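Breakdown of the fold
Residues per chain are reported as follows:
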Amino acid sequence: MEMADKIAEDNVDLGGGPFGVVIVKDGKIIASGANSVTIDNDPTAHAEVNAIRNACRKLGTFRLSGCTVYSSCEPCPMCLSALYWAGVERIYFGNTKEDADAIDFSDAFIYRELEKPRTQRKLPCIHIENEHNIRAFQKWANKKDKIEY
């Protein structure tokens, strides 16, 4: 946890956001990451996402089974979703989402938006159905050599 906190603190001096992450497997550090949203001009470059990418490259897999995540802050909705998709075993965090909110890193609006029906969200999510939509899904469903995830 101290390493994640140190990464977050050092990252502020490097021009990034105050967030750091360490991923551990079998008692060994696999990867780390820092927030580089403003450095990389990438809104997805949160510390958790960067750490996941680094860990997956190092391990040669898209599954982080058996991994524990140490984050300097409670993961935002995007990062929490990514950690679920990655299949990590456990997440420890330091600062809470309320602590982040206090320094203007608030995710409260996203949580509120997710509770609304698609048609009532600020970001319109409009379903367009046609005969072409389902083709890729049907192809995937029938694929014999697919790699499940």
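First, a word on what this report is: a plain description of the structure on this page.

Scoring rules and cut-offs
Residues numbered from 1 in each chain as written. Predicted model: local features only at pLDDT ≥ 70, side-chain atom pairs only at ≥ 80, totals over all residues. Heavy atoms only, no water. 1 Å grid on protein atoms, 1.4 Å probe; cavity = no way out; pocket = protein on both sides within 12 Å on 5 of 7 lines; lining within 4 Å. Points joined across faces, edges and corners; volume = space filled by probe spheres on them. Helix = DSSP H or I, 4+ residues; strand = E, 2+ residues; numbered from the N terminus. Nonpolar A, V, L, I, M, F, W, Y, C, P; charged D, E, K, R; others polar. Salt bridge = Lys/Arg side-chain N within 4 Å of Asp/Glu carboxyl O. Buried < 20%, exposed > 50% of the residue type's maximum accessible area, 1.4 Å probe, protein only. Disulfide = S-S within 2.5 Å. Axes fitted to C-alpha atoms, helices over the stretch in contact; angles between N-to-C directions. Parallel < 35°, antiparallel > 145°, perpendicular 65-115°, else oblique. Left-handed = near helix turned anticlockwise from the far one by under 90°. Contact = heavy atoms within 4.5 Å. Patch = residues over 30% accessible without salt bridge, like charges linked within 9 Å, V, L, I, M, F, W, Y side chains within 5 Å. Areas by Shrake-Rupley, 256 points an atom, 1.4 Å probe, with all protein chains shown as cover. Core = buried A, V, L, I, M, F, W, Y, C linked by side-chain atoms within 4.5 Å.

The calculated volume of the largest pocket comes to roughly 290 Å³. Lining of the largest pocket is provided by 18 residues; of these, Phe19, Asn35, His46, Cys76 and Phe105 occupy positions nearest its centre. Those elements giving two or more residues to the lining of the largest pocket turn out to be helix H2 (37–40) and helix H3 (47–59). Across the lining of the largest pocket, the residue classes break down as nine nonpolar, six polar and three charged. Taken as a whole, the second largest pocket encloses approximately 200 Å³ of empty space. A per-class count over the lining of the second largest pocket returns five nonpolar, no polar and three charged.

This model, assessed by the stated rule, comprises three salt bridges. The partner of Glu113 in a salt bridge is Lys116, with the nearest N and O atoms 2.8 Å apart. Its salt-bridge partner being Asp145, residue Lys143 comes within 3.0 Å of it at the nearest N-O pair. Taking the relative accessible area as the measure of exposure, Asp145 reaches 58% and is therefore exposed.

What the rule picks out here adds up to zero disulfides. Here Cys56 is not cross-linked by a disulfide; its sulfur's nearest cysteine counterpart is in Cys67, at 8.2 Å. Cys56 sits in the buried class, given a relative accessible area of 16%. Not part of a disulfide, Cys76 finds its nearest cysteine sulfur in Cys79, a span of 3.6 Å.

Where helix H4 (residues 77–86) is concerned, the buried positions are Pro77, Cys79, Leu83 and Ala86. Directly beyond the C-terminal end of H4, a positive phi value near 80° is found at Gly87.

A few words now on the packing of H3 against H4. Interhelical geometry of H3 versus H4 gives an angle of 25° and a closest axis separation of 8 Å. The orientation of H3 relative to H4 falls into the category roughly parallel. At the point where H3 passes H4, the crossing takes the left-handed sense. Contacts between H3 and H4 involve Glu48, Val49 and Ile52 on the former and, on the latter, Met78, Cys79, Ala82, Leu83 and Ala86. Each residue belonging to the contact of H3 with H4 can be placed in one class, and the counts come to seven nonpolar, no polar and one charged.

On the surface, Phe62, Trp85, Trp140, Ile147 and Tyr149 cluster together to form a nonpolar patch covering roughly 670 Å² of accessible area. When you line up the elements, Phe62 lands in the loop between H3 and strand S3 (67–73).

Attention now goes to the nonpolar core. One finds Val21, Ile23, Ile52, Ala55, Leu64, Val69 and Val88 to be the most contacted residues of the largest nonpolar core, which totals 18 residues. Those elements giving two or more residues to this core turn out to be strand S1 (20–25), strand S2 (28–34), H3, S3 and H4. Element by element, the count of residues in this core is highest for H3, at five residues. Once you skip the residues sitting within four places of it in the chain, Ile23 turns out to touch Lys28, Ile29, Ile30, Ala31, Ala51, Ile52, Ala55, Leu64, Cys67, Thr68 and Val69.

All we've got here are geometric facts, nothing functional implied.
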